[in-house]
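# Examining the three-dimensional arrangement
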Amino acid sequence: MATDPVTQEIIEGKLIATVDEMGIVMARTSMSPVIYEVLDFACGILTPQGELVAQMNGITLFTGTFGAQVRSLIRQFGDDILPGDILLTNDPFAGGTHACDFAIVRPVFIGGALTAFAINVAHYLDVGGAVPGSVPPNATSVFQEGLRLPGVKIMRADLLSAELVNIICENVRLPEIAMGDLNAQIATVRIAEVRLNEMVVKYGAVAVQAAFHHILDTSEAQARASVAALPDGDYHATDVIDGDGVSDAPIHVRVTLRKRGDRIEADFTGCPSATQGPINCARGALQSAVKTVFKALVAPQAPSNDGWFRPLTVTAPDDTIFTARKPRPTGWYYEGSVHASELVWQALAPLRPERFSAGSYASLCATYLSGTGNDGLPFIHVEPQHGGWGATAEWDGTAGLIALTDGDTYNYSVEVIEAKFPLRVNRYALNTDSGVGAGQYRGGYGIVRDYEMLEDGCMLHASFGRTRTLPWGMAGGSPGTTNEITCKAAGTPIRTYGRISDLALAKGETVSLITGGGGGWGDPALRDAADIARDTRYGLLTKSQAEAAYGPLGVEP
Amino acid sequence: MIRLATDVGGTFTDLVGYDEVTGALYSAKALTTPRDQSGGVLDTIAAAAGLDPTRVGFFAHGGTTVINAITERKGVRTALVTTLGFRDVLEIGRGNRPDLYNLRFQSPKPFVPRHLRFEVRERLDAKGQVVTPIETKDLTAIAEACKAEGVEAVGIIFLHSYANPAHEKVAATALAAMLPGVTICASHQISREWREYERSNTVALNAYVQPIIQRYFARLEAALAAKGVECPYFAMQSNGGIATFQQAVDRPLTLVESGPAGGVAGAARIGQALDMADVLYLDVGGTTAKCSLIRDGRPKLNTAYKLEHSRLYPGYPVQVPVVDIVEIGAGGGSIAAMDLRGSLRVGPQSAGSVPGPSCYATGGSDPTVTDALLTLGVFDPATFAGGTMALDTSLARTAIGLVAGPMGLTMEDAALAILDVAFANMINALKLVTVQRGHDPRDAALVVSGGAGPALAARLGREMQARCTVIPPHPGIFSAWGMLAARPRADFRTTWFARFDPAALEEAKAQFGALKSEAITHFGRGVDADIQYDMSVDVRYRGQEHGVLCPVLPDDSADNLAERFHAIHARTYTFRLDAAEIEITGLHLEATLNTKTITLAPVSTEGRELKQSRKGTRSVYFQSLGWTECAVHDRDLLPVGPTFVGPMLIEEPTATTLVLPGQIVTITRTGILLINEAEAVG
């Protein structure tokens, strides 16, 4: 049975309001900067069968993981999913991402019937393992990446399991923060339950289920129509991943997109087997990475749900870099999965240029600085770095923007950092030295962020990709520029890093976090002289940079 | 003495005046004059029949000069002076990409271009201690560059100036001396809160509009004086209070939501008149509806206000006190359409005033909320807008047919469907400011204003289970009316960090004492001025980033305050952590000068009789009852006191109120319409 168009619209509005409300509560009550600043979490509502019907606007990493995770729990628990339960999983190999991401799943029973699942997945600041933050950039096994809880009941009959709480508290470095985030997560799925209950009381269980299916079916139909409008064919892309954290060797990856009628298959056959280092992702994260770009193709602004992805299949052999199996390390999975996204992006961009930009700095450039805080307690300062995005067919690329894998993700306030940690930021600026990809439209600029250590005993872990392979240009535009970390101490030469573990930093040393500029779009010779003059006036481009990119300059207007 | 308020809106400028001696009321409307809004203001004064400008003793003004200069990017050529290494903060912003799947996302463009952003060698640490003394030579070069570039305003933002403004003061003084005639504005003068991007944006926008508002107020003052209006002039601020023109010129960004704040101030005044401390206020305009919550008689402030923000766009955060308003794209002109998914959507597209709803017969052909209300008989084609605009029912029905056909509904049911969706959107917004922030709407009076508001109010009140539904006087020009109810107000917020314990509370109280001295200076009425102080602190559990605002009472003990915080946290976010450590991160003092505001005088009972008020009947279509005859009454002639049983229509020049079957309605002694459920009253 279908709902009427009015009830449908009203229920859809309430579902979006509900997932947004979950997100607000999470961000405002969490004790972890990864949540409240970086918004590395997401909330959603799924059908009793485990199909996502509504998701908050947070980051793209979780675009496709919810369904796989909930279906995996349904398979695991079968009939043993009861009212009052809350399930927890952080297993990368069961639809998840990495062990840091705790999924809290509430089966919502209304009138005795399973009506929906509410889910909240959040990145915990630390889940134990080899290093603070639980993601050693040079890990070689999942066992170095912290505690795994692959499908457990953290609550039965609405009571927290004391045993599990004990296990968690004894196995993570910052148990107070972990418990704070667990509380916040549980609050959000309970809010979802209250709101769903209100919907069922008002519109009836049948209408609510019908509305769920209508959301999925109409999204599917729109996605199929969008795909059908593209020319049939096979489309290819290749890319290089710059090292896995253990080895610097280039990793060659590829995709073939087969577009037939209203379906698309993304085939990653031919990608290398899983790597020794932790940039592997498992199948759930691969699905999510491909879905992110597919969503950008078919309906970038529409609310996300699993219906959109029904025309999409993802094919890949087992235990490749994109389909790692236990016990492969996956701590930095997004450093791998972003390349799966970019492969699909590269292959699709020529088909619908009005939906895509040229290559970006791509890597989230996540940076972990740890040590002893101004309050005498240990701290872990985690932040992603923002960087340059590629140009489009109509305008220059955006500067200092968060990478594809994240989304509504803020940079960290310098004033807040300096109040909390023995760190001083001496510069946060556009990276004009490295420049950007030239083109009729140029790429956006990356950033430079300089941290000076005010105390001894700080430690740096970071994993910067795209340190050698440049962001691609489009339609004759030049490629962008690379990301890098440099380290300066008095009297020693500057050292340069990409993926780095356990770098001890002394008082007075400065670490520069540098992200690259995006690729250009279109022949640089076609660039408007006024745009070149403006960039020069703005100090983005020196005269010599301008002449190198665009040829001899005329007289400034 | 006459109290006068004018509110400049997008299309019309409204005037409301009240003679406190005679009780005479003046109102007028004139077209807004966009290039110089003072023209429209003067037109309303000229149009207000019987108004003697020389008897005006209080003048309040709300306008869109500031917001227009920002949204149209028509501020002055502005420079920004920053700490060395940080001139790009304004451009990078927070770097977030809320439009997740848009791979061509563009960040908000900075209001100051890169070549006008200058750096100075200086540095403070987070405690405000000097790390690098300010290099004043750098300022000389900056002043030269500003002259060469024809800069008209300069904003100054140094890191950690919220903790110590000394370097900003040095720079401001030096630049002012070198750049005569140029507006100089340092961040600490506008905001003493941390977060460098938000404060940079605040000072840049403040500088960007300051010369504009200065010239505008100068013109307005001259024009008012020429008309004989010689009294203190006040500007409506976004915090729900008023400030003198001079105070507003110093901090023009505080006027950014001037108009909507007037309505909020009015709603608070209505709540006071009804002795209801909690008010849920909804204003339904042509394109949007705005709602906000008033708790304990005070409008709630939004601590993270962003201009041009949406679910998919970061907008421009500014650190000025703005009443917490949730705005949604559902108003009288909102267009209904079937979307690609086969659902009925209403808004955010709006027919606005041009071309207007189909029934205006001014060129619009889309079905709108107004067309639905006309089709259902709620509006009378002949008396709409006081009879100044005849509506065309057949055009409305033709438009409604565009969605009735695809849904397989009758004209009437399609019109109801449009309203159902509009109601649901409004209820989501009303719940956002109440239920979702831990407040029970059943404790609040729902005050509804705006052209289409009173026609929708009764149903909203019923669905929200509001304590009662209230249609204030002059619902069509309520923002202007509200400005007559506003008091001089200033907000002082500072970032101040302490681990919470009894000593910290004492220290906080001492800090509040200093802020109170600032408030006394601000109002300039001497130490004996009757100022109401409301203190609150930003409090959080250790480890959290975001706090909740928790009121502080003068005689609070640490235990009292801690318990209040736990309770607020639980109410807002559903849980409390009794064992966790608590931190204070900010102090907030609201200072309100207790001046007289508009009197809600008893309305004249003369000539108020049912047989006078009854204008006839009209058929209205209800979901359950179908077409039903409803009595139509003139609000200004309805007897005061007795209750009347719905369904019923109550008309006045700027609005039509629909009372539903099962509801009862009363006019209070002060002329306020109160709608209640018959059943609830018993």
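Right above here is the structure, for reference.
My aim in this report is to walk through the structure given alongside it, one point at a time. Residue numbers here run from 1 along each chain, matching the order of that chain's written sequence. The order in which chains are written sets their letters, starting at A; the order in which ligands are written sets their numbers, starting at 1. Local features in a predicted model are, by the rule used here, given only for residues with pLDDT of at least 70; side-chain atom pairs are given and counted only at 80 or more, and totals for whole chains, interfaces and linings are based on all residues. Excluded from the side-chain calculation are hydrogens and water; included are all heavy atoms of the structure.

Only runs of H or I of at least four residues qualify as helices and only runs of E of at least two qualify as strands under DSSP, and these elements are numbered from the N terminus. A tally of helices and strands in chain A yields 11 helices and 20 strands. The globule rule used here is 2.2 Å times the number of residues to the 0.38 power, and the radius of gyration it is set against is calculated over C-alpha atoms. Relative to its length of 557 residues, chain A is compact, with a C-alpha radius of gyration of 24 Å against a globular reference of 24 Å. Here the C-alpha coordinates of chain A stretch approximately 75 × 60 × 40 Å along the principal axes. Every residue pair with non-hydrogen atoms within 4.5 Å of one another is taken to be in contact. For chain A, the share of sequence-separated contacts (at least 6 apart) that also reach a separation of at least 24 residues comes to 72%. With the model as given, the accessible surface of chain A reaches about 17200 Å², and the carbon-plus-sulfur share is 54%. The method behind every accessible area is Shrake-Rupley, applied with a 1.4 Å probe, and residues are considered shielded solely by the protein chains displayed.

Tallying secondary structure elements over chain B gives 18 helices and 35 strands in all. For chain B, whose C-alpha radius of gyration is 26 Å, the value lies close to the compact-globule estimate of 26 Å for 682 residues. By principal-axis analysis of the C-alpha atoms, chain B measures approximately 80 × 60 × 60 Å. Residue burial is assigned from relative accessible area. The probe radius is 1.4 Å, only protein chains are included, and a residue is buried under 20% of its type maximum, exposed over 50%, and partly exposed in between. The proportion of buried residues among the 682 residues of chain B is 60%. Considering only contacts in chain B between residues 6 or more positions apart, those separated by 24 or more positions represent 67%. Taken as a whole, chain B presents about 24500 Å² of accessible surface, with 53% of it coming from carbon and sulfur. In chain B, which carries 63 positive and 72 negative side-chain charges, the distance between the mean positions of the two groups comes to 3 Å. Positive charges are assigned to Lys and Arg, negative charges to Asp and Glu, while His and the chain termini are left out of the count. To locate a charge, take NZ of a lysine, CZ of an arginine, CG of an aspartate or CD of a glutamate.

This part is about the side chain of A:Arg466. Residue and element names in this part refer to chain A. Looking at the secondary structure, you find Arg466 in the loop between strand E16 (458-463) and strand E17 (484-488). Classification of Arg466 as buried rests on a relative accessible area of 1%. Only 2.8 Å separates the side chain of Arg466 from the side chain of Asp239, close enough to count as a polar contact. Counting of polar contacts relies on pairs of N or O atoms within 3.5 Å, with two restrictions inside protein: one atom must be capable of donating a hydrogen and the other of accepting it, and residues adjacent in sequence are counted only when both atoms are side-chain atoms. A polar contact is formed between the side chain of Arg466 and the side chain of Glu342, at a distance of 2.6 Å.

So, about the pattern of salt bridges. By convention in these notes, a salt bridge is any Lys or Arg side-chain nitrogen within 4 Å of a carboxyl oxygen on Asp or Glu. Throughout the structure, instances matching the rule amount to 84 salt bridges over all chains. As a salt-bridge pair, A:Glu354 and A:Arg352 come within 3.0 Å of each other at their nearest N and O atoms. Here B:Arg215 ties to B:Glu152 by a salt bridge, and the two come within 2.9 Å at their closest N and O atoms. Of this pair, B:Arg215 sits in helix H7 (residues 196-227) while B:Glu152 sits in the loop between helix H4 (136-149) and strand E9 (153-157), placing them 63 residues apart in sequence. One salt-bridge network, held together by shared partners, links A:Glu51, A:Asp217, A:Glu220, A:Arg224, A:Asp262 and A:Arg310.

Turning our attention to the sheet that holds strand E9 (residues 250-260) of chain A. Residue and element names in this part refer to chain A. Pairing between strands is defined by DSSP: at least two bridges between them are needed. An order of E8-E9-E10-E11 is seen for the 4 strands of this open sheet, with the pairing classed as mixed. The open sheet has two edge strands, strand E8 (233-242) and strand E11 (312-315), and neither has a second partner. Between one strand and the next, the sheet's axes are offset by a mean angle of 20 degrees, whatever the strand orientation. Here 4 bridges tie strand E10 (residues 263-267) to E11, and the two strands are oriented parallel to one another. Residue pairing for E11: Ala266 is matched across the bridge by Val314. Where helix H8 (residues 333-348) meets the sheet, its contacts fall on E8, E9 and E10, and the angle it forms with E8 comes to roughly 145 degrees. Every angle, taken between N-to-C directions, lies between 0 and 180 degrees, and every axis is a line fitted to C-alpha atoms, over only the stretch in contact when it is a helix.

Moving on, we get to the pairing of strand E33 (residues 655-659) of chain B. All names here are of chain B. With 5 of 5 residues buried, E33 lies mostly within the body of the structure. For strand E32 (residues 648-652) and E33, the ladder comprises 5 bridges, and the chain directions are antiparallel. Paired with Met648 across the bridge in E33 is Val659. Hairpin connection between E32 and E33: a loop of 2 residues separates the two successive antiparallel strands.

Below, the discussion takes up the environment of B:Ile270. All names here are of chain B. Turning to its location among the elements, Ile270 is positioned in helix H9 (residues 258-274). Classification of Ile270 by relative accessible area gives buried; the value is 0%. When the C-alpha positions of Ile270 and Ala485 are compared, they lie 9.1 Å apart, and in sequence the two are 215 residues distant. Those residues within four positions of Ile270 in sequence are excluded, and the remaining contacts are Val447, Val470, Pro472, Pro473, Phe478, Trp481, Leu600 and Ile672.

All names here are of chain B. Between its first and last C-alpha atoms helix H15 (residues 502-523) spans 32 Å; for 22 residues at 1.5 Å apiece the expected length is 32 Å, and the two agree. Taken as a whole, H15 has its buried residues at Ala504, Leu505, Ala508, Lys509, Phe512, Leu515, Ala519 and Phe523. Summarising the axial view, the buried residues of H15 lie within an arc of 135 degrees, below the 170-degree limit, and thus occupy one face. Seen from the buried face of H15, the exposed residues on the opposite side, beyond 90 degrees, are Ala503 and Thr521. Under the convention used throughout, the expected extent of a helix is 1.5 Å for every residue step, that is, one less than its residue count. What the arc describes is the spread of directions from the helix axis to the C-beta atoms.

Another aspect to go through is the side chain of B:Thr668. By the secondary structure assignment, B:Thr668 is in the loop between strand E34 (663-667) and strand E35 (673-677). Beyond its immediate chain neighbours, meaning those up to four positions away, B:Thr668 contacts B:Leu274, B:Val603, B:Val640 and B:Leu674.

Now for the sheet that holds strand E5 (residues 78-83) of chain B. Residue and element names in this part refer to chain B. Spatially, the 4 strands line up as an open sheet ordered E6-E5-E9-E10, and their pairing is parallel. Sheet topology places strand E6 (117-120) and strand E10 (183-186) at the edges, where each strand pairs with a single neighbour. Averaged over all adjacent pairs, the angle separating strand axes in this sheet is 20 degrees, with direction ignored. Pairing analysis gives 4 bridges linking E9 to E10, with the strands arranged parallel. Within E10, the residue paired with Ile156 across the bridge is Ala186.

Residues and elements named next belong to chain A. Running from N to C, helix H7 (residues 283-298) and H8 point in directions that differ by 35 degrees, and their axes come no closer than 8 Å. Between H7 and H8 lies a crossing whose hand is right-handed. Touching Ala285, Leu286, Ala289, Val290, Val293 and Leu297 of H7 are Tyr333, Ser337, Ala340, Ser341, Val344, Trp345 and Leu348, all from H8. For this classification, Asp, Glu, Lys and Arg are treated as charged, while Ala, Val, Leu, Ile, Met, Phe, Trp, Tyr, Cys and Pro are nonpolar and the rest, including Gly, are polar. Of the residues that constitute the contact of H7 with H8, the class distribution is 11 nonpolar, 2 polar and no charged. In this scheme the handedness of a crossing depends on how the near helix is turned from the far one: anticlockwise by less than a right angle means left-handed, clockwise means right-handed.

Aromatic pairs are defined between Phe, Tyr and Trp rings, using the six-membered ring for Trp, whenever the two ring centres lie within 6.5 Å; interplanar angles under 30 degrees are classed as stacked, those over 60 as edge-to-face, and all others as tilted. A full pass over the atoms with the stated rule returns 24 aromatic pairs over all chains. Residues A:Tyr333 and A:Tyr334 carry aromatic rings whose centres are separated by 5.3 Å and whose planes lie at 80 degrees to one another, so their mutual orientation is edge-to-face. Of the two residues, A:Tyr333 and A:Tyr334, neither departs from the other in class, the shared state being buried. When the ring of B:Phe59 is compared with that of B:Tyr233, the centres are 5.8 Å apart and the planes differ by 80 degrees; the resulting orientation is edge-to-face. Taken together, the residues span a long stretch of sequence, with B:Phe59 in strand E4 (residues 56-62) and B:Tyr233 in strand E11 (residues 233-236) at a distance of 174 residues. The exposure class assigned to B:Phe59 is buried, which follows from its relative accessible area of 0%.

Let's shift gears to the interface of chain B and chain A. Every contact between the two is made by 72 residues of chain B and, on the other side, 95 residues of chain A. Put simply, buried area is the surface a 1.4 Å probe can reach on two separate parts but cannot reach once they are joined, added for both. Summing the contributions of chain B and of chain A, the shared interface buries around 7000 Å²; its carbon and sulfur component is 52%. The interface formed by chain B and chain A holds 8 salt bridges in total. Measuring nitrogen to oxygen at the nearest pair gives 2.7 Å for the salt bridge that ties A:Glu394 to B:Arg104. Counting every contact that joins chain B to chain A gives 47 residue pairs in polar contact (both at pLDDT 80 or more). Elements with a contribution of two residues or more to the side of chain B that touches chain A: helix H3 (89-92), H7, strand E22 (344-350), helix H12 (411-433) and helix H16 (558-573) of chain B. Of the residues belonging to the side of chain B that touches chain A, the class tally is 29 nonpolar, 20 polar and 23 charged.

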